[in-house]
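Chains, contacts and geometry: an overview
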Amino acid sequence: MPASTLDIDRMPRGGPDASCVDRLLQTDRLEYLDRDDVSDEVKRSVIRALEWTGAVFGNTERCAKIVLDELADVADPAILELGAGHGGLSRKLLEWHPTASVTVSDVDPVRVAALAAGDLGDHPRASVRALDATAIDAPDGQFDLAVFALSFHHLSPSQAARAIAEGTRVARRLVVIDLPRPPSLLHLARLAVMLPFAPVVPFAHDGVISSLRCYSPSALRALAAHAGVDAKLRGGGLAPQILVASR
């Protein structure tokens, strides 16, 4: 029997088997992107930084390749991107796959309005929508694949489990791509690099919190089990973690 919502929310970000030190390396503090008391300008600065790093360091292309590899057997795939943010992944998918249709979604209405006002709003194979990943307004099986890239850690454990359940309901396959959670000593080193900049650089502030909120492989397995779906994991270490879930 799946654990209750209360039980899953008590699970450490490092998973049920997290060490004592790893259990300390987490936070319930929200990133600027998730706070109502932070100006839109600060949020836009974080989004711009995410878009820049995604392009310069190849994260966007890497995520697009992961998605398209999962769709190699689908001629004209219908793709749903959850938590799209700046929309870079959706743009790359539309660029690389000439017949794919992409629903670009985010829970933040300001971000959705910005996406709709840009090139994705005018793209003939794109649809921009405000969607909550934990309660997706779409019928069962509407999409061939749903993807949640590099923002899954924004969700609490109970929200993350609901997002997995919802993603596998509306799509044949859900792909979650997120930051790796390193061993405690490496995690401390990563935090030490970012912490001095966190008070003055919004992107660094959110980077510290992202690091503390990202899930370990054992946590992702526990979330998938709570959602009642089959899941396979790969990646991790210094590379992104990839969860592929289906019913």
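See above for the structure.
Since the structure is predicted, the reported quantities are computational estimates derived from the model, not experimental observations.

What counts, and at which threshold
Residues numbered from 1 in each chain as written. Predicted model: local features only at pLDDT ≥ 70, side-chain atom pairs only at ≥ 80, totals over all residues. Heavy atoms only, no water. Pairing = 2+ DSSP bridges. Helix = DSSP H or I, 4+ residues; strand = E, 2+ residues; numbered from the N terminus. Axes fitted to C-alpha atoms, helices over the stretch in contact; angles between N-to-C directions. Contact = heavy atoms within 4.5 Å. Expected span 1.5 Å × (residues − 1). Buried < 20%, exposed > 50% of the residue type's maximum accessible area, 1.4 Å probe, protein only. Core = buried A, V, L, I, M, F, W, Y, C linked by side-chain atoms within 4.5 Å. Parallel < 35°, antiparallel > 145°, perpendicular 65-115°, else oblique. Left-handed = near helix turned anticlockwise from the far one by under 90°. Nonpolar A, V, L, I, M, F, W, Y, C, P; charged D, E, K, R; others polar. Phe/Tyr/Trp six-rings, centres within 6.5 Å; stacked < 30°, edge-to-face > 60°.

Quick notes on the sheet that holds strand β2 (residues 101–106)
Strand order in the open sheet made by the seven strands is β3-β2-β1-β4-β5-β7-β6, with mixed pairing throughout. What marks the edges here is a single partner per strand, and that holds for β3 (126–130) and β6 (230–235). Adjacent strand axes in the sheet meet at a mean angle of 20° when their direction is disregarded. Across four bridges, the pairing between strand β1 (residues 78–82) and β2 is parallel. Across the sheet, the residue bridging to isoleucine 79 is valine 102, located in β2. The strands touched by helix α6 (residues 109–117) are β2 and β3; relative to β3, the strand with the most contacts, the crossing angle is about 160°.

Description of helix α4 (residues 59–70)
Compared with the 16 Å implied by 1.5 Å per residue over twelve residues, the 17 Å span of α4 between its first and last C-alpha is a close match. Of the residues making up α4, those classed as buried are Thr60, Cys63, Ala64, Ile66, Val67, Leu68 and Glu70.

Comments concerning unusual backbone geometry
Positive phi, close to 60°, is recorded for leucine 150, a residue that is not glycine. With respect to the element layout, leucine 150 can be found in the loop between β4 (145–149) and α8 (157–170).

Thoughts on the nonpolar core
Grouped together as the largest cluster of nonpolar side chains are 33 residues, with contacts concentrated most on Leu80, Phe148, Phe152, Ile164, Tyr215 and Leu223. Setting aside residues no more than four positions away along its own chain, phenylalanine 152 makes contact with Ala160, Ala163, Ile164, Val176, Asp178, Tyr215, Leu220 and Leu223. Ranked by size, the runner-up nonpolar core spans 25 residues in total, among them Leu71, Ile79, Leu115 and Val244.

Looking at the packing of helix α9 (residues 184–194) against helix α10 (residues 202–213)
Relative orientation of the contacting elements α9 and α10 amounts to 165°, with a least axis distance of 9 Å. On the basis of their axis angle, the class for α9 and α10 is roughly antiparallel. Crossing hand, α9 versus α10: left-handed. Where α9 approaches α10, its residues His187, Arg190, Leu191 and Met194 are matched on the opposing element by Ala204, Gly207, Val208, Ser211 and Leu212. Counted by class, the contact of α9 with α10 contains five nonpolar, three polar and one charged residues.

Focus on the packing of aromatic side chains
Taken as a whole, this structure holds three aromatic pairs when the rule is applied. Here phenylalanine 148 and phenylalanine 152 contribute two aromatic rings whose centre-to-centre distance is 5.6 Å and whose plane-to-plane angle is 85°, an arrangement assigned as edge-to-face. Across the pair, exposure class does not vary: phenylalanine 148 and phenylalanine 152 are buried alike. Three or more aromatic residues link up through ring pairs in this structure, and these residues are Phe148, Phe152 and Tyr215.

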